[in-house]
Amino acid sequence: MSKSRATMFERVLHATTFLFVTVGCSTVCFSEEVREIMLWPMGMPGPVVPETLPEKVEQGTDGIARRYDVSKPRLLVYRPKDTSDKFLQHSGGRAAVIVVPGGGFGLLADGHEGEDACRWLSELGVVGFQLVHRTPTSKHPEPSEGPVLDAQKAVSVVRSRSKELGVDPSKIGVLGFSAGGQVALIAATNEQRFKEHTAASHKPDFLMLLYPWKIFDPETGALRSDVHLDAGLPPTFIAQMSDDTASLPQGSAMLYLELVKRKLPSEIHIYERGGHGFGMQTRFGATGPSDWPKRAADWLELRELVTVP
């Protein structure tokens, strides 16, 4: 390829929203053409994370992969391989879940709280979308502000492109871990914060929160002031450990009681032990980390979003 033609090709590739990957596949598999979706192809609204450092993923001594310095928020797509389930055949498409990893806004713990969760969802027949939101934002005046923008835009983008993504636009949920749970809750209980009047709704159709971080204010004894439950929440699943000192169980319990008071469909599981930040991993001597995915799968099946084997 000549230099001029190569330059033109690079410009077209940079301008497009989608990145494509060729994957060999049988007739019972998705082709997995769409692997990444850029959230802000026309420019990211502030507060921005500058491109001063290259994005990187590092594996810690605990075997967990963590992502740093994200200046280009995007979705990574995980498609189920089996296309024979009844929800694909007899509805407008599969359920979709946008997974928001934790990381305290300084990084993304998107191995065990991102990719692993998306693969678990794909095994249930759900299209998983791993949200790679801007980070670090821990030094920003409001650390959740940028990630909330990315989460709202992610739901809107998946809904607006539901047909090409093979998902039902009325079955789009969000699963948030730790700081990602805080982001998911704020994003769902606030009006659209990005300025696109023609955008599809940013409101999820169901919500799953795993040990949501700092949603309880110990000084006021109430939920965070930027969580506006009267704005409405969809059916919500919550899982929490009693011995979690990072995400206090009072927050999850109070959120559940507020949902019950408003007669909003909800389910909560509070386990005795398990600590914080386990994601999709098990922990010795604790039932919660290994049990919550089973209860979540049952809940998704109850809502007719998946078929549990």
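Note: the structure precedes this text.
Being a predicted model, the structure only gives us computed values, none of them experimental.

Student: What should I look at first to understand the nonpolar core in this one?
Tutor: Counting residues in hydrophobic clusters, the biggest one holds 43 residues, and the most contacted among them are Leu-75, Ile-98, Phe-129, Val-158 and Leu-255. Mapped by element, the contributors of at least two residues to this core are strand S5 (74-78), strand S6 (94-100), strand S7 (127-132), helix H4 (145-160), strand S8 (167-177), helix H6 (179-188), strand S9 (206-210) and helix H7 (249-261). If we skip the residues at most four places from it in the chain, Leu-75 touches Arg-35, Glu-36, Ile-37, Leu-39, Ile-98, Phe-129, Gln-130, Leu-131, Ala-154 and Val-158. By size, the runner-up hydrophobic cluster in this structure holds 33 residues, among which are Met-208, Tyr-211, Ala-239 and Tyr-271.

Student: Looking at this model, I keep getting lost on the pattern of salt bridges. Mind explaining?
Tutor: In a structure, side chains of opposite charge can pair up when their charged atoms sit close to one another. On inspection of all chains with the given rule, the structure shows 18 salt bridges. The residue Asp-298 makes a salt bridge to Arg-295 at a minimum N-O spacing of 3.0 Å. Taken together, the residues Asp-298 and Arg-295, both in helix H8 (residues 288-302) and three residues apart, mark about one turn of the helix. Taking the relative accessible area as the measure of exposure, Asp-298 reaches 35% and is therefore partly exposed. On the basis of relative accessibility, which here comes to 25%, the residue Arg-295 falls in the partly exposed class. Overlapping salt bridges, with partners in common, bring together Glu-36, Glu-55, Arg-67, Arg-74 and Asp-110 in one network.

Student: Can you walk me through empty space enclosed by the protein in this structure?
Tutor: One water molecule sets the probe size; rolling that probe over the atoms shows where empty space is left. Applying the stated rule across the entire model yields one cavity of 30 Å³ or more. One number sums up the size of the largest cavity: a volume of about 60 Å³. What lines the largest cavity is Ala-151, Gln-152, Val-155, Val-174, Ala-184, Ala-187, Ala-188, His-202 and Pro-204.

Student: Please explain the environment of Val-127 as it appears in this structure.
Tutor: Here Val-127 shows up in strand S7. Look at Val-127 and you get buried, because its relative accessible area is 0%. The sequence separation of Val-127 and Gly-93 amounts to 34 residues, and the corresponding C-alpha distance is 9.8 Å. When residues no more than four places from it in sequence are discounted, the contact partners of Val-127 are Val-77, Tyr-78, Pro-80, Arg-94, Ala-95, Ala-96, Val-97 and Val-167.

What counts, and where the lines are drawn
Residues numbered from 1 in each chain as written. Predicted model: local features only at pLDDT ≥ 70, side-chain atom pairs only at ≥ 80, totals over all residues. Heavy atoms only, no water. Core = buried A, V, L, I, M, F, W, Y, C linked by side-chain atoms within 4.5 Å. Buried < 20%, exposed > 50% of the residue type's maximum accessible area, 1.4 Å probe, protein only. Helix = DSSP H or I, 4+ residues; strand = E, 2+ residues; numbered from the N terminus. Contact = heavy atoms within 4.5 Å. Salt bridge = Lys/Arg side-chain N within 4 Å of Asp/Glu carboxyl O. 1 Å grid on protein atoms, 1.4 Å probe; cavity = no way out; pocket = protein on both sides within 12 Å on 5 of 7 lines; lining within 4 Å. Points joined across faces, edges and corners; volume = space filled by probe spheres on them.

Nothing here speaks to function; it is geometry throughout.
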